[in-house]
Amino acid sequence: MTSQRGERDYDVCLSFAGEQRDYVERVAASLKNAGIRVFYDDYEKVALWGKDLYEHLDYIYGKSAEYCILLASEEYAKKVWTNHERRSAQARALTAHAEYVLPVRFDDTEIPGIRPTIGYLDAQSIEPASLAEMIAEKLGPRIRRNFLPPNPDLLFEALAISDEQDREDAFLVAHAFMGVLQRMTLEERKLIACLFCSYCPTELPDNVHQSLDLIHRMMGWPPQQIIDTLRGMHSLGFVHEVRHEDESHGGSVLVCRWNDMSVDSGLTDFAMVNSTWLAVKMIELAVGHFCEDCANRFIEALDFSHLSSITTETHE
């Protein structure tokens, strides 16, 4: 696994004794809600099933995360598995060019290799949610890959959705659109992002449309390439047409809509009416306020952090 930032399996891994599980579980939940990729054993039960845990945990704590949060306690110092995790983390720390092991203490128990001079946090004076916020601050801004926040409240707000059932249906459609984007090439994503961020809204929620010549100028693609690319995405639910208008009205107009065809969400009333509108707002919130280079990075990573107020705050 490469050591470049953003290419590891996890942002943080949590090393702790079972006696502190209640506290750590709340930390893990807050990190997960903030879109931070956290290794917490209860989240990995299926993945750990059948693995050689000695070898696998050595990889997890030695190579897979940006930081290891070591929650030190009297119980931690006595357990075989926590000491195995600690040794793996400390071996990584020896070769790291920056701090890797971030200690959080429940008491004053001496932990081998954790010097008294190393800066630590006191778990007895910090609430789990606050610790999660401090971890997010330590991680700093980052691109999250293939990330759809569990509570996209800013998307619901943009769509003016307050009904709980409609929010559930909207999340299913958002999840389906995420799956569609994952099946697209990067060039296809860029075309949809361009169209969905420079649209005329007068025919929403049915469709979006824009001058074909303007899309050609923004993308740098010949008009026929734009049309052919959209035609190739028909199986993903994209439907398009070209309206030929006189030059005084802008010439040819490209019209596009997206139909959610997934079994899980495509049968709801919300999906039937609002799929295009929701897809447009997802793209608009994700990349609409950034320069072209930054927008392309978000589109390439499929990072939808900005659909949630929680992950927007931890992204900045």
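Residues numbered from 1 in each chain as written. Predicted model: local features only at pLDDT ≥ 70, side-chain atom pairs only at ≥ 80, totals over all residues. Heavy atoms only, no water.

### Description of the state of the cysteines
Counted only if it meets this: For the purposes of this analysis, a disulfide is any pair of cysteine sulfur atoms at a distance within 2.5 Å. For every residue, the accessible area (1.4 Å probe, protein chains only) is compared with the maximum for its type, and the residue is labelled buried under 20%, exposed over 50%, or partly exposed between those bounds.
This structure, assessed with the given rule, holds zero disulfides. Cys194 supplies the cysteine sulfur nearest to Cys256, a cysteine that is in no disulfide, at a spacing of 12 Å. Note on Cys256: relative accessible area 0%, which makes it buried. Summary of cysteine pairing: Cys291 is not part of a disulfide, and the nearest cysteine sulfur, belonging to Cys294, is at 3.6 Å.

### Focus: the sheet that holds strand β5 (residues 121-122)
Which entries qualify depends on this criterion: In this description, strands pair whenever DSSP reports at least two bridges between them. A run of H or I in DSSP counts as a helix once it spans at least four residues, and a run of E counts as a strand once it spans at least two, with each numbered from the N terminus. In this analysis, two residues are considered to be in contact whenever any of their non-hydrogen atoms come within 4.5 Å of each other. To obtain each axis, a line is fitted to C-alpha atoms, and for helices this fit is confined to the stretch in contact; angles are then taken between N-to-C directions over 0 to 180 degrees.
What the five strands build is an open sheet, ordered β2-β1-β3-β4-β5; its pairing is parallel. Among the strands making up the open sheet, the edge pair consists of β2 (38-39) and β5. Packed on one face of the sheet, helix α1 (residues 21-33) meets β1 (10-15), β2 and β3 (65-72) and runs near 175 degrees to β1. Helix α3 (residues 53-63) rests against β1, β2 and β3 of the sheet, and its axis sits at about 120 degrees to β1.

### Remarks on a nonpolar patch on the surface
Using the following cut-off: Patch building starts from residues that exceed 30% relative accessible area and form no salt bridge, then joins like charges within 9 Å and nonpolar side chains (Val, Leu, Ile, Met, Phe, Trp, Tyr) within 5 Å. The method behind every accessible area is Shrake-Rupley, applied with a 1.4 Å probe, and residues are considered shielded solely by the protein chains displayed. Basic side-chain nitrogens of Lys or Arg form a salt bridge, by our definition, when they fall within 4 Å of a carboxyl oxygen of Asp or Glu.
A cluster of nonpolar side chains, contributed by Leu53, Tyr54, Val80 and Trp81, occupies part of the molecular surface with about 440 Å² of accessible area. Among the elements of the structure, α3 and α5 (80-95) are those that each provide at least two residues to the nonpolar patch. Looking at the element boundaries, Leu53 is found in helix α3. Assessed through its relative accessible area of 33%, Leu53 is described here as partly exposed.

### A word on the pairing of strand β4 (residues 101-105)
Two faces make up the sheet, and in a regular strand the side chains alternate between them. In terms of burial, β4 is largely enclosed, as five of its five residues are buried. Here β4 shows no split at all, with Val101, Pro103 and Arg105 on one side and Leu102 and Val104 on the other all buried. Bridge count for β3 against β4 is five bridges, and the pairing is parallel. Its bridge partner lying in β4, Ile69 is registered against Leu102. Bridging between β4 and β5 involves two bridges; their strand directions are parallel. By the bridge assignment, Arg105 is partnered in β5 with Asp122.

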